[in-house]
Amino acid sequence: MLNIAFIAHDRKKEEIVNFVIAYEHVFVGNTLYSTGTTGQRIMENTKLSIHRFLSGPLGGDQQIGALIAQNEMDLVIFLRDPLMAQPHEPDITALLRLCDVHGIPVATNVATAEILVRALDRGDFGWRELVDLHRPRLGV
Ligand SMILES: O=C(CO)COP(=O)(O)O
């Protein structure tokens, strides 16, 4: 079972909802997290249960970043809006930076998300457990 985070900016909300509906059978059984509004929209449209943090502009990206820093996140799907500036741009940069610091697979567009979720379905994320042998989860 993996810990997976869903995040999408407003103009990407419909895209992430459709993506999660399409792969609901892959995501079910994992522990799912999201920023506030993204999670609300996904839960309204699927049977998935999601731990929702604050909305992104209010600190949700930072809350998910904290889980990444504690080695509590295995996959991040973050559909960013590349065409509109966000008020919390530093938080977005910080989250993506932490993914790179800790080597966490992160998709920032749906094409990459699709490849990662198919890899997840095939069991390709087994290597995360090997990494965990050397970097035990700290818990939250
Ligand atoms: O702003 C976000 C990510 O940076 C997403 O927040 P919401 O899911 O609350 O819209």
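The name given to the protein chain in an unreviewed UniProt entry is Methylglyoxal synthase, with Paenibacillus shirakamiensis as the source organism. What the UniProt record of the protein chain gives under Sequence similarities (unreviewed entry) is the line "Belongs to the methylglyoxal synthase family."

**Student:** When you look at the packing of helix H4 (residues 60–69) against helix H5 (residues 89–102) in this model, what are you seeing that I'm missing?
**Tutor:** For any two helices packed against each other, the geometry comes down to the angle between their axes and how far apart the axes lie. At a minimum axis separation of 9 Å, H4 and H5 run at an interaxial angle of 10°. Relative to H5, the element H4 lies roughly parallel. You can see that H4 and H5 cross each other, and the crossing is left-handed. Facing Asp61, Gln62, Ile64, Gly65, Ile68 and Ala69 of H4, the residues of H5 in contact are Asp91, Ile92, Ala94, Leu95, Leu98, Cys99 and His102. Residue composition of the contact of H4 with H5, by class: 8 nonpolar, 3 polar and 2 charged.

**Student:** Please clarify how the environment of Ser55 should be interpreted in this entry.
**Tutor:** Along the chain, Ser55 turns up in the loop between strand S3 (50–52) and H4. Distance in space between the C-alpha atoms of Ser55 and Tyr33 is 12 Å, their sequence separation being 22 residues. The contact partners of Ser55, leaving out residues within four places of it in the chain, are Thr35, Gly36, Thr37 and Gly60.

Cut-offs used in this document
Residues numbered from 1 in each chain as written. Predicted model: local features only at pLDDT ≥ 70, side-chain atom pairs only at ≥ 80, totals over all residues. UniProt positions renumbered as here; feature names shortened; annotations may be inferred. Axes fitted to C-alpha atoms, helices over the stretch in contact; angles between N-to-C directions. Helix = DSSP H or I, 4+ residues; strand = E, 2+ residues; numbered from the N terminus. Parallel < 35°, antiparallel > 145°, perpendicular 65-115°, else oblique. Left-handed = near helix turned anticlockwise from the far one by under 90°. Contact = placed C-beta atoms within 7 Å. Nonpolar A, V, L, I, M, F, W, Y, C, P; charged D, E, K, R; others polar.

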